[in-house]
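# Architecture and fold: a report
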Amino acid sequence: MSRYEILSPEGLRTDGRRWNEIRRFSAKMATTTAADGSSYVEHGNTKVICSVNGPIEPRAANARSSERATITVDVCFAAFSGTDRKKRGKGDKYSTRPIKSPNLPTYQGGGGALLMGRAQSKRRVLEMQSALSRTFASTLLTALHPRSEVHISLHILSQDGSILATCVNAATLALVDAGVPMTDYVTACTVASYTNPDESDEPLLDMNSAEEMDLPGITLATVGRSDRISLLQLETKVRLERLEGMLAVGLDGCGKIRQLLDEVVREHGNEMARMGTL
Amino acid sequence: MAPPQTSQQTGTPLSPAELSYLHTSLTLTPPIRPDSRTPTQFRPLIAESDILPSTNGSARMIWGDGGECVVGVKAEVEKNSASTGGARDWIEISVEVSGQRDDDAFLGMTVAESLLVPGSGVLERLVLGERFHWKVFVDILLLTPPLSHPATLLTLTTYLALRNTFLPRLVSEVAEDPVFDDDWDNALALYPIGRIPPPITLLVVSVGENIFFDPTREELAVGDVALAVSICGKKVVGVRTLEGGSGGVGREVIKRVIKESHEVAEEVFGSLNSVGEGD
Amino acid sequence: MPRELDPTANEKSFILDALNQKLRIDGRDLDSFRELELNFGDDYGLADVRLGKTRVLARVSAEVVKPFADRPFEGIFTITTELGPMASPAFEPGRQTEQEVLLSRLIEKAIRRSNALDTESLCIVAGQKCWQIRADVHFLSHDGALVDASCIAVVAALQHFRRPDVSIEGEKVTIHTMTERVPVPLSILHVPICVTFSFYLDGEVCLIDATLQEEQLRQGDMTITLNKFGELCQISKAGGLAINALNLLRCAKVALVKVGEITATVQRRLEEDAAVRVRRDNLLESKADNERA
């Protein structure tokens, strides 16, 4: 796809959105009774299921800290989540615990960020898990639960861009549902930087996978209403001057997501009050 | 008589006295189940179909006890090859249990076995001309295993996903490379209505003279024998006993299980087929 | 599993109190690097980087392989890293820890994914033969800032490296030895440099090139990769303390200045090394026992 198709001259993107629109967002809390907290988030065609267990007794001995709760994250891409079915081999699953494997070849097969060699995607998942775990470690009041573990398990059922951001949002909802004490919502979104034909730049809020493939972009997560950024990732080359514009749009986007999450939480609370389960 | 089991053996948090009480109340006529269900009644469940746009068919089910299962069906065009196991390999099923390192091959095989019942006509619908065929991947993701046996949850979700699986219509000639109609409204169902549907497996437990559908873990613990009944359309295609029961099973009970399974299955099919119709 | 020794309570309060007054225990400014020492080996493609007590060695090598089927016109570039017990007793050999995966991902995103090396120039015969360039990073001593140091080592080694010249006549490919023809440098498109920031005291204090002790005490960190043209190659702030957006932008500006300085140092050292080589080669050629043509 040429980059001019990403934004039409009328200012519409491939899926008909304007530059500052986020895709359809719907979320549910407490989807299953088997975990302490759970959520299901649909962000456009990206769909993520999250369940949270904790604070529980640490499953691994090295996850125990006498000062604070440790946060472990498992991210799992369903085999049917991408455009092509992912061929999985044995032992592709692992958790935030250290993995025992020799140095792996680092070639990235295929073009896009989604079509990666197995070893590569394994490392990418590990990176995601670590980023998520560290993001929530700074927002949850972990010091209240020493010697315990909060386990976040994320399943990506369908991928269409902004996966890390959707994982953050889903985990936030599930953590709220689980009642793990935290200072505020952690909300995340993505921003792309689009180059107009006249070389001026234009930030596009909330990338889908086509935009993620063609444009440089950032994923950022903020804490609460503040403009304090706890997670920021950029993986493609972009001019330094554009960062400011992207951050501004991203902060605004995170604010919008926060509002949406807040509505979901409040609605869930009202529902619980109605059902008398509160 | 109470079954001589302790909580360590059954994995339930019930004391022997509680198990005995449960056993007694289940053997009464009419029986009393702890959650006041009738013997053929299922626990509440949530079922959704067509949830994933990137698949050919998908379904998600959430069971009353927290069991959650997502199934995605994806089809890819593959060249015929003589070397492999032939048409039996055209459907590949994998079961992934969240939190477990290795896939549960046994569960996958159980489902696969029942899917490939001869005469269902599925394999014929996968043929694409002379040289190609569809390869169907059925990926079952057990997000949280149910507290009781997962067979029912797995097969019901798989049933729902397969029922909603559509493959693009072939427009090219038999000998050509396959070309497809890109209008999804013309797509063909993998299991068209009126043909033999995918099978499901129901769990039945017998306690004394009574039989119960969709048993809870506690009911399984006190049951004499647990049976997995596979039903395909209007036929019972398999009855298998599960381990863990405390006694044998009489011929009469089996007969009744099969008879009632028919009725229950019909209702189950009816309600599952109506999922997604409201859209 | 062995662990890095945590700073004692005394050290901790001392370092943090000092940072509160914008002082670092080694006397540096908050935004200054330790002295960068860069040396090259006798062979092409060996770079030895020292940042204070941190020492990283990068070795670049090349071999001819078949390109990947889905990229017939491109050569292959791999970076491998291994944290061994030589760098710090906390690292076990043969065991890839989370820290190591994250470190290698960062270097990889900074250098390989930003296309610092022009892989298309490595193609010899499309779909048949190409160069595989391999950068091995060895960590010799760990005193913080491993990412920054290894990134400098890799880009310096890549620029220093010379691969044998190749000539193609019809189907025949000849690889000339180093003495036969002057070896050719790699085509480097830009020079990315990583700068890691560490945050303390709820974001009040932000410093670069943290030592190991400072790393252990930090509340959050962020690695920015830039080249001297002001192109961002990669930003990675994976959680940790949440930082005000304006502070982040300020960090990026500081990083740009630092990247300019480091690129200049690397360039100067490369030129010095080249000058030494020319002098040495001239000396060798004018030796009396050389064969006369």
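As named in an unreviewed UniProt entry, chain B is Ribosomal RNA-processing protein 42, taken from Tuber aestivum. The UniProt entry for chain B carries the following text under Sequence similarities (unreviewed entry): "Belongs to the RNase PH family."

The name an unreviewed UniProt entry gives chain A is Exoribonuclease phosphorolytic domain-containing protein, with Tuber aestivum as the organism. UniProt annotates chain A under Sequence similarities (unreviewed entry) with the comment "Belongs to the RNase PH family."

Compared with an ideal rise of 1.5 Å per residue, which puts 41 residues at 60 Å, helix 5 (residues 245-285) of chain C spans 59 Å between its outermost C-alpha atoms and is within 8% of the ideal. Turning to helix 5 of chain C, its buried residues are Ala245, Leu248, Cys251, Ala252, Ala255, Leu256, Lys258, Val259, Ile262, Thr263 and Val266 of chain C.

This brings us to the confidence of the model for chain B. Residues and elements named next belong to chain B. Residue-level pLDDT values for chain B average 79, and 81% of them are 70 or greater. A low-confidence stretch, residues 1-9 (pLDDT under 50), is modelled with 17 contacts involving residues beyond four sequence positions or located in other chains. Across the whole predicted complex the pTM is 0.87, and at the interface the ipTM reaches 0.88.

Turning next to the confidence of the model for chain A. All names here are of chain A. On average, residues of chain A score 83 in pLDDT, and 85% of them are at 70 or above. When mean pLDDT is compared element by element in chain A, helix 2 (residues 163-178) scores highest at 95, while helix 1 (residues 118-137) scores lowest at 86. Note that residues 89-116 has pLDDT below 50 and, in this model, 56 contacts with residues that lie over four places away or in other chains.

Moving on to the interface of chain A and chain C. Accessible area lost on assembly of the parts is the figure often given for the size of an interface. The partner chain C presents 42 residues to the 40 residues of chain A that form the contact. Of all the secondary structure elements, the ones that give two or more residues to the side of chain A that touches chain C are helix 1, strand 9 (228-234), strand 10 (238-239) and helix 4 (241-275) of chain A. Take the side of chain A that touches chain C: its biggest share by element is eight residues, from helix 1 of chain A. Residues of the side of chain A that touches chain C, tallied by class, amount to 18 nonpolar, twelve polar and ten charged.

Each value, and the rule that gives it
Residues numbered from 1 in each chain as written. Chains lettered and ligands numbered in written order. Predicted model: local features only at pLDDT ≥ 70, side-chain atom pairs only at ≥ 80, totals over all residues. UniProt positions renumbered as here; feature names shortened; annotations may be inferred. Helix = DSSP H or I, 4+ residues; strand = E, 2+ residues; numbered from the N terminus. Expected span 1.5 Å × (residues − 1). Buried ≥ 20, exposed ≤ 12 C-beta atoms within 10 Å, placed from the backbone. pLDDT = per-residue confidence, 0-100. Contact = placed C-beta atoms within 7 Å. Nonpolar A, V, L, I, M, F, W, Y, C, P; charged D, E, K, R; others polar.

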